[in-house]
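In case you want the letters, here they are:
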Amino acid sequence: MSFHPLMEYGAGHHQSARVLPEEGPAFQFTAANLAKLEEICTRYPAERRKSAIIAALYLAQGQQGYITLSAMRAVAAAIRCSTAEVEDIVYFYTMFYTRPMGKHIVMVCRTLSCALAGAERVTETLSKELGLRPGETDANREFSLLEVECLGACDRAPVVGVNDDWHECQQPEAAKALIDGLRAAGAGSLTGCHLKVAGE
Amino acid sequence: MEPILTKYVKQPGGASLDFYMKVGGYEGLRKSLGMTPDQVVDVVKQSGLRGRGGAGFPTGMKWQFVDKKSPKPKYICCNADESEPGTFKDHVLMERNPHLLFEGCLIACHAIGAKVAYIYIRGEFYHVQQVLERELAKARAAGLVGKNIMGTGFDCDIFVHRGAGAYEAGEETALIESLEGKKAQPRLKPPFPAVAGLYDCPTAVNNVETLCNVPFIITEGAEAFAKLGPEKNGGPKLYCISGHVKNPGVYETSMHTTLRELIYDPKFGGGIRGGHQLKCVIPGGSSVPVLLPEQLDIPASFDGVASAGSMLGSAGLIVMDETTCMVWAAQNLLYFYKHESCGKCTPCREGGDWLHKLLMKIERGDGEMRDLDLLLSVANNIAGKTLCAFGDAAATPVLTTIKTFRAEYEAHIREGRCTLPASWRASHPVLAAH
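Residues numbered from 1 in each chain as written. Chains lettered and ligands numbered in written order. Predicted model: local features only at pLDDT ≥ 70, side-chain atom pairs only at ≥ 80, totals over all residues. Heavy atoms only, no water.

(A) Structural view of the sheet that holds strand E4 (residues 154–162) of chain B. Residues and elements named next belong to chain B. The strand order E3-E4-E2-E1-E5 describes an open sheet built from five strands, whose pairing is mixed. Of all strands in the sheet, those with a lone pairing partner are strand E3 (146–149) and strand E5 (203–207), marking the two edges. Neighbour-to-neighbour, the strand axes of the sheet open up by a mean angle of 25°, direction not taken into account. Note: E3 against E4, two bridges, orientation antiparallel. Residue pairing in the sheet places Gly146 in a bridge with Cys156 of E4. (Pairing = 2+ DSSP bridges. Helix = DSSP H or I, 4+ residues; strand = E, 2+ residues; numbered from the N terminus. Axes fitted to C-alpha atoms, helices over the stretch in contact; angles between N-to-C directions.)

Laid out in structure tokens, this is it:
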């Protein structure tokens, strides 16, 4: 029986709008990753393992490319917390993905300093080149296109992050060159961070 | 002023431990370990060092507030979550002078009686984290971090903790929450971190640049530090200059330097890019009010910028020339704030979205005159009504641009279009701003 006479069961009112994370294939941490996680846990007081939750999620994401419900359970077991607590973290922080991403995750900084240098047009041209709208991944999972907030290198705007690497001073006209470079040489084609001093 | 913190940033190998030791590295730590913790706090207090993260709170006082009588462990949390739009100074310090930061962390730990410092670095700084971890391992191997440091019996460890993408993690209590493995949401204060911070223990949260100033204060003395700048605004200061200037970059100088010099002097920003004029500047990261070209003859100090009605904040100068539409600029920043709101306080979570919707409506040409009052009303109902300063930050771009450029808003509404569609913006505004 319904708890309210006007909200009968089966009418759809009781269905949660919450989108559950994908179950995904059975996930287990590799022995190497488990050992790494245990080492990271020693950095925090023994009763504060939860501090390593972000590190555990990075390891899971590194292993599988994105975070599934199965991975969340593995993280929860390793951290000794509930799966709901892990899910909370996954959805709060922007750097965890809950769906398969492309081999190259291209992230255009869209915040003011980059936008003043043409970031909107970088996104526009990349979008046209890749046939993707921001947030999308192509069918053969080669590229994902994302817009991200200030990356903290505003003097080298527009900045584009690709996975864990950076590409700076990306001119809109050179969007095709960025894509071609990634296809040909992967991260080796990127400028990296300019603070790397010549001669090192 | 001769650079102090960034003196060797362009030196090949300048980030290494060997090089740092060659130029007198860890001497501040050595000297501080011969002083009592209270003496260290006193010297920092006398120096007048103010927090470089944005609020400008005196660092010595922050350390003094740490409850030393508590039986619990104490902690130093270094705020390396540098996420304020227009700010990229800590990035330089960590990547090019990591041992200066470690030395500052260790002295801070000695001062408040902590055995551990956590450097909370933003997730996007993966390459910086690699540098820090590499150099930390070297410092540990050299007996500068860990047990019995320099044979003095002082034990102190430093760990790098990587975040995962959240602007709010730069707020000190949200940083602590995140470090504890929770969502980066601020806490109700009091209690302040000095009493109940990380793991409910007495904690001091200090910005990277703040801690990097500490070794100089210890080796050269409080007076030498204070006299580098105007009264109450001593020491060297890093400025991040971005936007429409000829030479964007990080510049170290004293707080005697004026905003006009920072923007126009060839040593710094070098003036506005080819053939354009300055329209306005946001002097302290995206969260502070704009200043006009005629307001720039003030020292770029905490007190100087405050006297002009803005804030030095994180010292991130975002320079905009006359091609910049201020409705668009406000819209760009409000997209940031609505995206980054942690969702804890209703005014900020809901209000940010409403502000962005209204700005988009005006920018696309569907605005009505009454929307201006509505914008001000929503913004004023966010500012000051949230747990942390994020609410004020989110309201500021709207309040300051309407106050300073109201005619531009009215022209958008009257003409039913953006009146300044710059060539560097997307031709399809919907794609640019969803």
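What follows picks up the thread again.
(B) Local environment of the domain arrangement of chain A. Assigned domains within chain A: domain 1 (20–92) and domain 2 (104–189). Once you take the C-alpha centre of each, domain 1 of chain A and domain 2 of chain A turn out to be 29 Å apart. (Domains from an automatic or database assignment.)

(C) Region of the structure containing the packing of aromatic side chains. Evaluation of the coordinates by the stated rule reveals 19 aromatic pairs over all chains. For the pair Tyr58 of chain A and Phe96 of chain A, a centre-to-centre distance of 5.2 Å together with 55° between the ring planes defines the contact as tilted. Taken together, the residues span a long stretch of sequence, with Tyr58 of chain A in helix H2 (residues 53–64) and Phe96 of chain A in the loop between helix H4 (83–92) and strand E1 (104–109) at a distance of 38 residues. Tyr58 of chain A sits in the buried class, given a relative accessible area of 16%. Between the aromatic rings of Phe57 of chain B and Phe65 of chain B, the centroid separation amounts to 6.3 Å while the plane-to-plane angle is 45°, which identifies the pairing as tilted. We classify Phe57 of chain B as partly exposed; its relative accessible area is 36%. Taking the relative accessible area as the measure of exposure, Phe65 of chain B reaches 47% and is therefore partly exposed. Feature note: the residues Tyr44 of chain A together with Tyr75, Tyr118, Phe159 and Tyr199 of chain B constitute an aromatic cluster, connected by ring pairs. The ring of Phe125 of chain B carries the charged tip of Arg122 of chain B above its face, separated from the ring centre by 5.4 Å. (Phe/Tyr/Trp six-rings, centres within 6.5 Å; stacked < 30°, edge-to-face > 60°. Buried < 20%, exposed > 50% of the residue type's maximum accessible area, 1.4 Å probe, protein only. Lys NZ or Arg CZ within 6 Å of the ring centre and 35° of its normal.)

(D) Layout of the pairing of strand E7 (residues 249–254) of chain B. Residue and element names in this part refer to chain B. Most of E7 is tucked away, with five of its six residues classed as buried. Across six bridges, strand E6 (residues 236–243) lies against E7 in antiparallel orientation. Among the inter-strand pairings, Ile241 is bridged to a residue of E7, identified as Gly249. What sits between the antiparallel neighbours E6 and E7 is a turn of five residues.

(E) Looking closely at the side chain of Glu103 of chain B. Residue and element names in this part refer to chain B. Inspection of the secondary structure puts Glu103 in helix H6 (residues 98–112). This buried residue, Glu103, is left without a salt bridge; Arg30 holds the nearest opposite charge, at 8.6 Å. A polar contact is formed between the side chain of Glu103 and the backbone nitrogen of Tyr26, at a distance of 3.0 Å. With residues up to four places along the chain from it excluded, the contact list for Glu103 reads Tyr20, Gly25, Tyr26, Glu27, Gly28, Leu29 and Pro215. (Lys, Arg positive; Asp, Glu negative; His and termini not counted. Salt bridge = Lys/Arg side-chain N within 4 Å of Asp/Glu carboxyl O. Polar contact = N/O pair within 3.5 Å; in protein donor to acceptor, adjacent residues only side chain to side chain. Contact = heavy atoms within 4.5 Å.)

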